[in-house]
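Remarks on the overall topology
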Amino acid sequence: MSYQCPLCHQPLHHQQHQWRCQNNHQFDQAKEGYVNLMPVHHKSSKNPGDNKEMMQARRQFLEANHYRLMRENIVKLLTVHLPENSKKMLDIGCGEGYYTSSFTALSASHPSLEVHGLDISKVAVRYAAKRYPDCHFCVASSHRLPFADQSLDAMVRIYAPCKAEEIVRTLKPGAILLTVTPAPRHLYQLKALIYDDVRLHDTQPEVLPGMSLVQEEQLHYTMSLNGSEATALMQMTPFAWKTSDAVWQHLAQQHAFSCEADFTLRVYQKSATVDDSEQDNCN
């Protein structure tokens, strides 16, 4: 698959461990197999995204399989809704590849399928590319997807932010978007350690131009975490920055910390023909 140049938006062609466009913009492919398509002037900081410690915490927690049921449900939904003859799918905010790698199982019914993962964190993508060579990984912004218009058959977005216009632009007519968002009581017990008044997550579906919601389901269960897993989970959440030393110590001492997992999984489908006015609204 050809990426799109993040500087001039022309197709990138792969040759001798390099990706190059007709305007001679060049991006080297790392020895691990990924390509960095994040120009310096697109970065908000020197090393955007998760750092090494945050990535390791996520990896530790995910490899304990507390989110395995969610991952399995994603694959089930993709099995049902992935368009016939799909060739390209993208996991936005792929992190270290825990979910991305599971999507390769879909190649049994879609033999031409390429699975791509994208993340802003270079350290996470490097790990993913090294561990999961069957997938294609790149460092890039989810707000500037390095893919051509109407080039993707499916997209998975687990928590990750992305501009609606980029989703609509890159998906083919009839393609699908699968999202995972926190349902009302997700990680309620963790948040109760930090906030006096815990607010439940909003569950309103997104409004995406030219796309319709075709399936929605909620997945709720209780996890039992040891101290190491509980602290790893807290570290990979946005409210880790507000966690006091006392709470970190409390979590580390736990032998069986009960915490709810609560997810909303939605499948959207892009209309087979996109109205010109809807496309204009995204540009």
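Structural data are supplied above this passage.
Please read these numbers as outputs of a predicted model, since none were measured by experiment. Every chain is numbered on its own, with residues counted from 1 as its sequence reads. It should be noted that, the model being predicted, local features are given only for residues of pLDDT at least 70 and side-chain atom pairs only at 80 or more, the latter also being counted only at that level, while totals for whole chains, interfaces and linings use all residues. By convention in this description, side-chain values take in all heavy atoms of the structure and omit both hydrogens and water.

**Some remarks on the pattern of salt bridges**
Applied cut-off: Salt bridge criterion: a side-chain nitrogen from Lys or Arg within 4 Å of a carboxyl oxygen from Asp or Glu. Only DSSP runs of H or I with at least four residues qualify as helices, and only runs of E with at least two residues qualify as strands; both kinds are numbered from the N terminus onward. Summary of the burial criterion: residues with accessible area below 20% of their type's maximum are buried, those above 50% are exposed, and those between are partly exposed, where the area comes from a 1.4 Å probe applied to protein chains only.
Applying the stated criterion across every chain, the model contains nine salt bridges. Salt-bridge contacts for E63 lead to R131; the nearest nitrogen and oxygen are separated by 2.2 Å. Within this pair, whereas E63 is found in helix 1 (residues 52-63), its partner R131 is found in helix 3 (residues 122-131), the two being separated by 68 residues in sequence. For E63, a relative accessible area of 41% corresponds to the partly exposed category. Judged by relative accessible area, which is 40%, R131 ranks as partly exposed. Across the pair D153 and K172 runs a salt bridge, and its minimum N-O distance is 3.2 Å. Of this pair, D153 sits in strand 8 (residues 152-158) while K172 is found in strand 9 (residues 171-182), placing the two residues 19 residues apart along the sequence. In this structure D153 comes out as buried when scored by relative accessible area, which is 7%.

**Some remarks on the nonpolar core**
Generally speaking, a soluble globular protein has its nonpolar side chains buried in company with each other. Counted only if it meets this: As used in this record, nonpolar core signifies buried Ala, Val, Leu, Ile, Met, Phe, Trp, Tyr and Cys residues forming a set joined through side-chain atoms within 4.5 Å. In what follows, residue pairs with any heavy atoms lying within 4.5 Å of each other are defined as contacts.
Counting residues in each nonpolar core, the largest one holds 54 residues, and the members touching the most others are Y67, I74, F103 and M223. Among the elements that make up this core, the one with the highest residue count is strand 11 (residues 257-270) (six residues). The contact partners of Y67, leaving out residues within four places of it in the chain, are F61, L62, Y98, Y99, H186, L187, Y221, M223, L233, M236 and F263. In this structure, Y3, I92, A140 and L208 belong to the second largest nonpolar core, which totals 27 residues.

**Side note on the packing of helix 1 against helix 6 (residues 227-235)**
Where we set the bar: The angle between two axes is taken between their N-to-C directions and runs from 0 to 180 degrees, where each axis is a line fitted to C-alpha atoms and a helix contributes only its stretch in contact. Roughly parallel means an angle under 35 degrees; roughly antiparallel means over 145; roughly perpendicular covers 65 to 115; every other angle is labelled oblique. Left-handed describes a crossing in which the near helix is turned anticlockwise from the far one by less than a right angle; the clockwise case is right-handed.
Taken N-terminus to C-terminus, the directions of helix 1 and helix 6 make an angle of 130°; their axes are 8 Å apart at the nearest point. Considering their axes alone, helix 1 and helix 6 lie oblique with respect to each other. Relative to helix 6, helix 1 is oriented so that their crossing is left-handed. Contacts from E53, M54, A57, Q60 and F61 of helix 1 reach helix 6 at S228, E229, A232, L233 and Q235.

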